[in-house]
Amino acid sequence: MPSEPGARNTALLEVAGLSKTFVSGGLFGTSRPVVAVEDVSFAVDCGEAVALVGESGSGKSTIARILLRLERPDAGRIVLDGDDVLDREPRHASLSYRRRVQMVFQDPFGSLNRTHDVAHHLARPLLRHKRATQKDVREKTIVLLHAVGLEPPEEFISRRPYELSGGQRQRVAIARALAVDPDILIADEPTSMLDVSIRMDILTLLTDLKNERGLAMLLITHDLASARYLADRILVLFRGRIVEGGPADEIVVSPAHPYTRALLASIADVGRLGPEPAEAKVDRIDRADTADSSDTGCPFAPRCPEAMDVCRKTDPSYRTVGSRRVRCHLYPENAGRSEE
Ligand code: SF4
């Protein structure tokens, strides 16, 4: 996707033209290509939070895996602070890149080793990335626990994951990511496995870290309410492509793409962080589209209440709608096309 109007020219992380197709195996030797990510471009500035919002199958997890160098894209570039990271072989996904781009996973219990205590989980990255010496590692561990609100830190340092609540485990996972002083944190559904009462605390912690440390964040979520709370900009993904991108408040208050509207309609109150939205309901929308869409035209056309003849014949390009980019025939393509 071209950059949004007013976007800066230089970014901390720049993703351009990322594409990935998997081949799914079938019975009797049949196989078919499944496009997971298609020509995805976006940028994250220093201290900025960007949310990639989409349902299961939208490609957001594949993008996260590519950014973590766990998957190689078929096409595209990833530039971190001016350095094209895909130029290197995966094994050379440098220690420096791994330090600068850290991940917080969905399942805080699964991401921590139950046999090791909190001190071990934090000491390991501190020592490996030379952020501490054996002499001061305990002191730096305590500083990290304090930073993520586990107070008093001395009470938590020798606990094992099963001696912590879900929210406390996620705080340890965030502290572990912070241990190496990253530039950008990729948070993959960081609250979806937590109790409703704790969800807001974790989002507030992430917001404070962003504001106080200037930490850039890429939030990967199916939840527009969380995205609106944390992110400066939202990018809506549908079937591997960004269909709408722009300032978070604008997208939530006046969604331009019919798919974004469908996502919002599935949430009772996007301003309130209650139970996570009815994912199953929206997921059905997504799967149904996948099942009966054709190869030409807009992929959302079979379900779009506003579909026109042109939608079934021609894949829409990006268009400028105020400060947003929208991939939809409902809007004139003048300004958008000139910048593509
Ligand atoms: Fe709906 Fe047409 Fe827009 Fe696709 S291009 S979202 S079918 S109006």
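Within each chain, residue numbers correspond to sequence positions counted from 1 in written order. Reporting of local features is limited, given that this is a predicted model, to residues whose pLDDT is at least 70; pairs of side-chain atoms are given and counted only at 80 or more, and all residues count toward the totals for whole chains, interfaces and linings. The side-chain numbers reported here are obtained from all heavy atoms of the structure, hydrogens and water having been left aside.

Here we look at empty space enclosed by the protein
The following threshold applies: A pocket here means an open set of points on a 1 Å grid, computed over the protein atoms alone, that has protein on both sides within 12 Å along at least five of seven lines. A cavity is instead a set of points where a 1.4 Å probe fits but cannot get out; residues with an atom within 4 Å of a point line either one. Grid points are joined across faces, edges and corners, and a volume is the space filled by probe spheres set on the points. When residues are sorted by character, Ala, Val, Leu, Ile, Met, Phe, Trp, Tyr, Cys and Pro go into the nonpolar class, Asp, Glu, Lys and Arg into the charged class, and all the rest, Gly among them, into the polar class.
Inspection of every chain in the model, using the stated rule, returns 3 cavities of 30 Å³ or more. Here the largest cavity is characterised by a volume of approximately 90 Å³. In terms of lining residues, the largest cavity is bounded by 13 residues, among which Pro258, Cys298, Cys304, Cys311 and Cys328 are the most central. Each residue belonging to the lining of the largest cavity can be placed in one class, and the counts come to 10 nonpolar, 2 polar and 1 charged.

Topic: the sheet that holds strand 10 (residues 241-247)
Under the convention used in this document: Whether two strands pair depends on DSSP finding at least two bridges between them. Labels follow the DSSP assignment, with helices taken as runs of H or I lasting at least four residues and strands as runs of E lasting at least two, numbered in each case from the N terminus. Every angle, taken between N-to-C directions, lies between 0 and 180 degrees, and every axis is a line fitted to C-alpha atoms, over only the stretch in contact when it is a helix. Here a residue-residue contact requires only that any non-hydrogen atoms of the pair lie within 4.5 Å.
Here 8 strands make up an open sheet; going across it, the order is 6-7-8-3-9-10-12-11 and the pairing mixed. Both edges of this open sheet fall to strand 6 (101-104) and strand 11 (318-321), since each of them pairs with a single strand only. Direction aside, neighbouring strands of the sheet carry axes that sit 20 degrees apart on average. Where strand 11 meets strand 12 (residues 324-327), 4 bridges bridge the pair, whose relative direction is antiparallel. Paired with Val321 across the strands is Arg324, a residue of strand 12. Strands in contact with helix 6 (residues 166-178) are strand 6 and strand 7 (184-188); relative to strand 6, the strand with the most contacts, it is inclined by about 175 degrees.

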